[in-house]
Amino acid sequence: MSLLVPFDGSELAMNALERASTFGDLLDEEVVALTVIPDDEDYARDRGWITQGEPFDPEAIAAGMQTRANKVAPEATVRSERVSSDEPTATSTTNVVREIRRVAGEIEASVVFIGSENAGSVIAPQSSVGSPVANDQRYDVYVVREPGDDAESGDHSDIDSTQDGF
């Protein structure tokens, strides 16, 4: 068994990798950071992997993700997978989700750690891999949604709290 972290280099993905690393140490399980790189220049640009005018170089992206992941969790196995769209109606996000789920099954992941600022939202954005990956019943899901520095304690409430207006 192992712990899988879909890793796109974002702050939330780095937080998820850090949490998975802590759990991996405690549970003596391998941590795998997985970057899925679709053959889609716009997808890479939207995630900040490349800048405007910079050439799309999947090997350079993979190397950059390796470096970022190693800074957070040097003991983690870092893995990059390339995907291309072989069906005309599949989006890059759909292909990324399929690959994450495939790798989770291959490595027999016991838990997938997902960094998502949209966790708990009723509407999942089309570009998010969190919701479709979380729907797979073969593994547990740990959602990391680290609030920003400006979050105040008044912004949080318990579901069983008694507040006026309810």
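Residues numbered from 1 in each chain as written. Predicted model: local features only at pLDDT ≥ 70, side-chain atom pairs only at ≥ 80, totals over all residues. Heavy atoms only, no water.

Draft legend 1. Region of the structure containing the packing of aromatic side chains. As enumerated under the stated definition, the model contains two aromatic pairs in all. Geometrically, the ring pair formed by F23 and F113 is edge-to-face, given 5.4 Å between the ring centres and 70 degrees between the ring planes. One end of the pair, F23, is in helix α1 (residues 11-27); the other, F113, is in strand β4 (residues 109-115), with 90 residues separating them in the sequence. Of the residues examined, F23 reaches a relative accessible area of 32% and is grouped as partly exposed. (Phe/Tyr/Trp six-rings, centres within 6.5 Å; stacked < 30°, edge-to-face > 60°. Helix = DSSP H or I, 4+ residues; strand = E, 2+ residues; numbered from the N terminus. Buried < 20%, exposed > 50% of the residue type's maximum accessible area, 1.4 Å probe, protein only.)

Draft legend 2. The sheet that holds strand β5 (residues 140-144), seen in detail. In spatial order, the strands read β3-β2-β1-β4-β5; together these five strands make up an open sheet with parallel pairing. Both outer strands of the open sheet, β3 (77-83) and β5, are each paired with one neighbouring strand and no more. Between one strand axis and the next, the sheet turns by 25 degrees as a mean value, whatever way the strands run. Running at roughly 155 degrees to β3, helix α3 (residues 58-72) makes contact with β2 (30-38) and β3 of the sheet. (Pairing = 2+ DSSP bridges. Axes fitted to C-alpha atoms, helices over the stretch in contact; angles between N-to-C directions. Contact = heavy atoms within 4.5 Å.)

Draft legend 3. Structural context of the pairing of β2. Taking burial as the measure, the nine residues of β2 include eight buried ones, the bulk of the element. This β-α-β element, strand β1 (residues 2-6) to α1 to β2, shows right-handed connectivity. The pairing of β2 with β3 spans seven bridges and is classified as parallel. Its bridge partner being in β3, A33 is matched across the sheet by V78. (Right-handed = clockwise from strand over helix to strand, strands pointing away.)

Draft legend 4. Looking closely at helix α4 (residues 92-106). For α4, built from 15 residues, the straight-helix expectation of 21 Å at 1.5 Å per residue is met to within 8% by its first-to-last C-alpha distance of 21 Å. Residues S92, T93, N95, V96, V97, E99, I100, V103 and A104 constitute the buried set of α4. A positive backbone phi angle near 55 degrees is found at E108, which sits one or two residues after α4. (Expected span 1.5 Å × (residues − 1).)

Draft legend 5. Highlighting a nonpolar patch on the surface. Taken together, the side chains of F23, L26 and L27 make up a nonpolar region of the molecular surface, amounting to roughly 320 Å² of accessible area. Topologically, L26 is positioned in helix α1. Judged by its relative accessible area of 70%, L26 is exposed. (Patch = residues over 30% accessible without salt bridge, like charges linked within 9 Å, V, L, I, M, F, W, Y side chains within 5 Å. Areas by Shrake-Rupley, 256 points an atom, 1.4 Å probe, with all protein chains shown as cover. Salt bridge = Lys/Arg side-chain N within 4 Å of Asp/Glu carboxyl O.)

Draft legend 6. View of α1. Given a rise of 1.5 Å per residue, 17 residues ought to cover 24 Å, and the 24 Å separating the end C-alpha atoms of α1 matches this to within 8%. Along α1, the residues classified as buried are L12, A13, N15, A16, L17, A20, S21 and G24. Buried residues along α1 sit in contact with β1, β2, α3, β4 and β5. Positioned one or two residues after α1, D28 has a phi angle of 55 degrees, which is positive.

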